[in-house]
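Breakdown of the fold
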Amino acid sequence: MDGEQDLVSRPEPAIMKLDTPEFHSIFTPELNTLSTLFKKYNYEIRIAGGAVRDILMGIQPKDLDFATTATPDEMKEMFTKEEVRMINMKGEKHGTITPRINDAENFEITTLRIDVLTNGRHAEVEFTRDWKLDANRRDLTVNSMFLGLDGTVYDYFYGYEDLKKRKIAFVGNPEVRIQEDYLRILRYFRFYGRIAEQPESHEPATLKAIAKHVNGLERVAGERIWKEWQKIMEGKFAGELLKTMINCELGTYIGLPKNPDIEAFDKVYQRALDKGIHLHPITLITALLKDEEQVMKLHGRLKLSAFERDVALFIVRHREDKPCEKPLKPYQHLVLMPKGKVYGTKEFVCELLRYKGNLELLEEFSKWQPPRFPVNGDMLKQHVKEGKLMGKVLYKLKEEWLNSDFELSAEDLLKRVPHILGELTDPL
């Protein structure tokens with residue numbers, strides 16, 4: 001492949017044999033059955049990618065992905081002969097077959113492949129039986145290792161050394177890897193946050209390659225960008241990594257304004273760190289946004305969920321301090337007298353208070369149960385003859401009830417109706 005003539009690989013890829021609790025923990029009766037099947041038909045199968053990395057780090061993997069020398073047709077023939085049911089046939093065009101063993105466990109198994117044509121997001125692939133060629137098409141060295149079911153670790157591109165150094169590096173030439181799939185820019189930052197030990201130990205050449213090809217993110221769907229970005233914000237060094245991303249000029253390609261509010265972001269991020277506050281990714285990102293228009297532009301790019309969009313809008317509208325003799329009252333007001341169709345308002349207020357770092361008020365607010373407003377429309381009918389005034393009168397009554405710390409009864413409030421009607425109908 002062009003630009004990769006200098007790709008350095010290990011002459012002997014089998015580097016060690018594992019005998020650890022994390023390795024042994026993956027063996028279920030179903031995996032043992034799968035392993036026996038592949039041996040019977042003389043096809044090699046290995047664990048691939050992230051699970052290998054996790055096991056080497058002493059972490060029990062959540063998901064196992066498998067790679068094999070068997071083609072999809074060979075796997076289908078094998079599983080059919082052995083009366084093993086296969087599910088999710090959509091993966092077959094990418095070389096993935098999913099058998100369900102003992103009607104208890106599914107295994108995603110993908111034929112070794114090489115990319116013969118890429119367009120920055122999707123690739124045309126060709127099947128191979130060469131493990132090194134498959135490793136070469138993967139994004140990061142720490143994700144390019146394989147693990148045999150006998151415990152042998154296969155590492156073609158020194159991923160194990162990088163893992164020990166907590167170094168995140170692309171396989172071969174970073175520019176080539178990025179141009180194959182521009183989403184790898186965000187995957188780089190995600191895995192940096194999972195593995196690196198220092199927030200600023202990036203290889204300058206890697207950041208230079210990212211900055212050079214950042215416009216390729218225009219081709220990537222917003223949903224895919226947001227999925228990776230959320231994981232970055234939930235990992236280590238979230239604030240530092242986001243600022244590095246902005247310095248590499250990712251911002252406008254992932255939905256941020258040209259001049260995000262870095263000062264406000266630093267304040268919110270550092271305060272959350274100092275106080276041990278966990279902020280939702282969208283809450284933290286909202287600190288970079290100055291107004292509702294910028295929130296909606298971000299939403300337009302990323303296709304946020306309704307909750308994420310609404311909590312960002314809520315924070316932008318209400319994050320300014322609201323001086324009050326009773327600090328809880330403005331937030332009670334937001335719950336009991338919301339403007340527009342706002343759902344889950346109490347949850348939004350809790351997230352707003354986390355954003356502001358006000359843990360004492362958050363604890364007090366969390367314990368508060370919104371009381372029931374004692375007046376309803378039926379009670380007002382005999383006092384308010386004009387239907388168009390009903391909503392306005394109810395709003396005024398609720399305001400007085402809130403200002404009384406919810407002490408006014410229905411009888412007390414109804415006595416105020418004539419005065420409120422007088423104010424509402426006064427021509428002056």
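Use the structure listed above.
Since we're looking at a predicted model, the values are computed, not measured. Counting starts from 1 at the beginning of each chain's written sequence and moves along it residue by residue. Only residues with pLDDT of at least 70 are given local features in this predicted model, and only at 80 or more are side-chain atom pairs given and counted; all residues enter the totals for whole chains, interfaces and linings. Note: side-chain values were computed over all heavy atoms of the structure, leaving out hydrogens and water.

Topic: the pattern of salt bridges
Every case where a carboxyl oxygen of Asp or Glu lies within 4 Å of a side-chain nitrogen of Lys or Arg is listed as a salt bridge. If you walk through the whole model with that rule in mind, you get 29 salt bridges. The partner of Arg194 in a salt bridge is Asp54, and the shortest N-O contact between them spans 3.4 Å. With Arg194 in helix α8 (residues 184-195) and Asp54 in helix α3 (residues 50-56), this pair connects stretches of sequence that are 140 residues apart. Accessibility here uses a 1.4 Å probe with only protein chains present; expressed as a share of the type maximum, an area under 20% marks a residue as buried, one over 50% as exposed, and anything in between as partly exposed. What makes Asp54 buried here is its relative accessible area of 10%. Helix numbers and strand numbers start at the N terminus; a helix is a DSSP run of H or I with at least 4 residues, a strand a run of E with at least 2.

Focus on the pairing of strand β2 (residues 45-48)
Residues of β2 alternate between two faces, with Ile45 and Ile47 on one and Arg46 and Ala48 on the opposite face, all of them buried. One ladder, built from four bridges, connects β2 with strand β3 (residues 65-68); its direction is antiparallel. Bridge pairing links Ile45 to Thr68 in β3. A pair of strands is treated as paired once DSSP finds two or more bridges between them.

As for the packing of aromatic side chains
Here is the rule: rings of Phe, Tyr and Trp (six-membered ring for Trp) pair when centre to centre is within 6.5 Å. Planes less than 30 degrees apart are stacked, more than 60 are edge-to-face, and the remainder are tilted. Tallied over the entire structure, the rule returns 16 aromatic pairs. When the ring of Phe170 is compared with that of Tyr188, the centres are 5.8 Å apart and the planes differ by 20°; the resulting orientation is stacked. Of the two residues, Phe170 sits in the loop between α6 (159-164) and α7 (174-180) while Tyr188 sits in helix α8, which places them 18 residues apart along the sequence. This pair shows no difference in class: Phe170 is buried, exactly as Tyr188 is. A centroid spacing of 5.8 Å and a plane angle of 85° characterise the contact between Trp226 and Trp229, whose relative ring orientation is edge-to-face. Here Trp226 pairs with Trp229, and both are found in helix α10 (residues 222-234), just three residues apart, close to one helical turn. We note that Trp226, like Trp229, is buried. Here the aromatic cluster, defined as three or more aromatic residues joined through ring pairs, consists of Phe365, Trp368, Phe373, Trp401 and Phe406. Criterion for a charge above a ring: Arg CZ or Lys NZ at most 6 Å from the ring centre, at most 35 degrees from the ring normal. Looking at Lys346, its charged tip hangs above the ring of Phe365, at a distance of 5.6 Å from the centre. Directly above the aromatic system of Phe373 lies the positively charged group of Lys398, at a separation of 5.5 Å from the ring centroid.

Shape descriptors only; they carry no functional weight alone.
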